[in-house]
Amino acid sequence: MTSPALPGPLAAIAALPQAELKSIFTTDPDRLSKLVLTQSGLRFDWSKTHLTDDLLAAFQALAKEQDFTAWRDALFAGEAVNNSEGRAAEHPAERGEGNAESVAMAKALHNRMRALIDAIEAGALGEVRHILHIGIGGSALGPKLIVDALDGDGVRYDVGIVSNVDGTALERAIEDFDPHTTLIAIASKTFTTSETMLNAASAINWMVEAGVEDPYGKVIALTAAPEKAMEWGVDETRVLPFAESVGGRYSLWSSIGFPAALALGWDAFESLLEGAAAMDRHFRLSDPSENAPLIAAFVDQYYTRVLGLQTRALFAYDERLALLPFYLQQLEMESNGKSVTRDGQPVEGPSAPITWGGVGTDAQHAVFQLLHQGTIVSPVEFIASIEPGHALDPAHHRALLVNCFAQGAALMRGKENADDPARAYPGNRPSTTILMDDVTPEALGALIAFYEHRTFANAVLMGINPFDQFGVELGKEIAKSIEANGPTGFDPSTMALIDLALGGE
């Protein structure tokens, strides 16, 4: 692995000698004590990375130079850390950590949500057996992850979460739902998101065609624009607002988490918040040398910005966390996939890597060939749980964990074979392991909050704003233009595609 040309402090970091992973425990016998950290039911192990004492010191100096402590304090104080849009980023307040006024408001809105859930459970909206949650991006990925990860604890309703505007997704979600016992949750920060509102309209039509009396009376709106929801037809008593300062991909802690809170029960949702709050406190109060999200960001910065590795792979060795790679794709790439700093200057060096991954052991038989022997090197992150999510023969979980730990060891160690190069493994390939005690609401909350703060720490080290996402707008603008004005003025390729598929509409 070689370093790209970099200016300033990154160049100095790149000039430091790179350790050889195969012998790193021999040259540094205290690595486990320095590079393993336990917090909130999670064990973070960075000992199979190339971090050394010198690199840690250099990155801590970089964090100081980038005013990490000041930016972290500003985040929790509710200051406008989203400078391009003039907003705070107050997702920690949803967990009870942050500006006192914002925390109080979040608590009041949570109480409103709980009161509505209590009413639903008491039968105020009639019999409810199914929840159809409609959103897109963070308005769908968060609830989907939570429900999928924790449904073994006893989901009380059938939950279908639809994000894709492709009608097939909606048809499949409602295929086994009875429209007369279905509750629709529409999640949109602005309540104008085109894909979400089209799906919502089709869901209402499904109810109308089935003869449901007052289908709008079966709708719950989850939004930061309550007046828009009421204009659309949702009664104010069924509108669950959240703060404008809570970004979409950070919003599962707000009313966007309604389907999870209803399906799993309020106690589980509250435990999720408490686990996240514990990680908030760890991130806010810990010294840089013992701060899990910041150390993880140091690892990211070294491989992405210093060595120029363009991807980061994440493999969940637990079926309950199968959706985590998809959730993190948005969190990391939408937050830090930027090319300019907060003040509009070009970012020096690479920014966020491409996040990808899957589920072990499936992935071992699909993509690990490249990870072990390919010419493209990707840092790997393994996530596993000590406790299984099933009651089958313990041999299942033992095999799962053995495979997880073996893959990290193999990536690091490698294997020489002078007689048959095709069977040689270069080794020296880095990995991190996050070992959970169990996939509980508390631990899952802490894990997701860890990734949020890791993303923020990376942004601070790069000097960028992780809370805007202007990159998603141009394609939407063009799509709206085609819908409103027809296919005019586009390149020949786009015009030909439109003509072939849409008949020139």
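Up top is the structure.
Residues numbered from 1 in each chain as written. Predicted model: local features only at pLDDT ≥ 70, side-chain atom pairs only at ≥ 80, totals over all residues. Heavy atoms only, no water.

A. Summary view of the overall build of the protein chain. Tallying secondary structure elements over the protein chain gives 20 helices and eleven strands in all. Its C-alpha atoms give the protein chain a radius of gyration of 24 Å, within 12% of the compact-globule value 23 Å for 505 residues. Considered along the principal axes of its C-alpha atoms, the protein chain spans approximately 75 × 60 × 50 Å. Burial status across the protein chain gives 52% buried among its 505 residues. Once local pairs closer than 6 in sequence are excluded, the contacts in the protein chain between residues at least 24 apart make up 75%. Total accessible area on the protein chain stands at roughly 21,900 Å², and carbon and sulfur atoms take up 52% of it. Averaging the locations of the 36 positively and 67 negatively charged side chains of the protein chain gives two centres separated by 5 Å. (Helix = DSSP H or I, 4+ residues; strand = E, 2+ residues; numbered from the N terminus. Rg over C-alpha atoms; globule rule 2.2 N^0.38 Å. Buried < 20%, exposed > 50% of the residue type's maximum accessible area, 1.4 Å probe, protein only. Contact = heavy atoms within 4.5 Å. Areas by Shrake-Rupley, 256 points an atom, 1.4 Å probe, with all protein chains shown as cover. Lys, Arg positive; Asp, Glu negative; His and termini not counted. Charge placed at Lys NZ, Arg CZ, Asp CG, Glu CD.)

B. Geometry of unusual backbone geometry. Residue G360 is joined to T361 through a cis peptide bond whose omega torsion reads 10 degrees. With respect to the helices and strands, T361 occurs in the loop between β9 (354-359) and α16 (368-373). At D67, a position not held by glycine, the phi torsion is positive, near 60 degrees. Along the chain, D67 turns up in the loop between α4 (53-65) and α5 (68-77).

C. Layout of the side chain of S188. Relative to the helices and strands, S188 is located in the loop between β5 (182-187) and α10 (194-209). On the basis of relative accessibility, which here comes to 1%, the residue S188 falls in the buried class. Not counting residues up to four positions away in its chain, the partners in contact with S188 are S139, T193, T196, L222, T223 and A224.

D. Main features of the pattern of salt bridges. Tallied over the full model, the rule gives 21 salt bridges. Of the charged contacts, one joins D28 and R31 as a salt bridge, the two residues approaching to 3.6 Å between their closest N and O atoms. Note on accessibility: D28 and R31 belong to one class, buried. Put simply, E127 and R129 hold a salt bridge, and the shortest N to O gap is 3.3 Å. Each member of the salt-bridge network shares a partner with another, and the members are D300, R312, E332, E381 and R454. (Salt bridge = Lys/Arg side-chain N within 4 Å of Asp/Glu carboxyl O.)

E. Looking closely at the packing of helix α13 (residues 266-285) against helix α18 (residues 441-462). Contact pair α13 / α18: the axes reach a minimum separation of 7 Å and the direction vectors enclose 40 degrees. Classed by the angle they form, the pair α13 and α18 counts as oblique. Where α13 crosses over α18, the two elements pack in a sense that is right-handed. Packed against α13, whose contacting residues are A268, S271, L272, G275, A276, M279, D280 and F283, the element α18 presents P441, E442, L444, G445, A446, A449, F450, H453 and F456 at the interface. Looking at the contact of α13 with α18 residue by residue, the class counts come to eleven nonpolar, four polar and two charged. (Axes fitted to C-alpha atoms, helices over the stretch in contact; angles between N-to-C directions. Parallel < 35°, antiparallel > 145°, perpendicular 65-115°, else oblique. Left-handed = near helix turned anticlockwise from the far one by under 90°. Nonpolar A, V, L, I, M, F, W, Y, C, P; charged D, E, K, R; others polar.)

F. Molecular detail of the sheet that holds strand β7 (residues 239-241). Pairing in this open sheet of five strands is parallel, and the strands run β4-β3-β5-β6-β7 from one edge to the other. The sheet is open, and its two edges are formed by β4 (158-162) and β7, each paired on a single side. Ignoring strand direction, the axes of neighbouring strands in this sheet form an average angle of 15 degrees. (Pairing = 2+ DSSP bridges.)

G. Local environment of the environment of P9. Mapped onto the fold, P9 is located in helix α1 (residues 8-15). On the accessibility criterion, P9 (30% relative accessible area) is partly exposed. With 262 residues separating them in the primary sequence, P9 and S271 have C-alpha atoms 41 Å apart. If we skip the residues at most four places from it in the chain, P9 touches L62 and E65.

H. Looking closely at the packing of helix α8 (residues 138-150) against helix α15 (residues 324-336). Two elements in contact, α8 and α15, have axes whose closest approach is 10 Å; the angle formed by their N-to-C orientations is 150 degrees. The angle between the axes of α8 and α15 places the two elements in the roughly antiparallel class. Considering how the two elements wind past one another, α8 and α15 form a crossing that is left-handed. Contacts between α8 and α15 involve G138, L141, G142 and L145 from the former and L324, F326, Y327 and Q330 from the latter. Its residues assigned to classes, the contact of α8 with α15 comprises five nonpolar, three polar and no charged.

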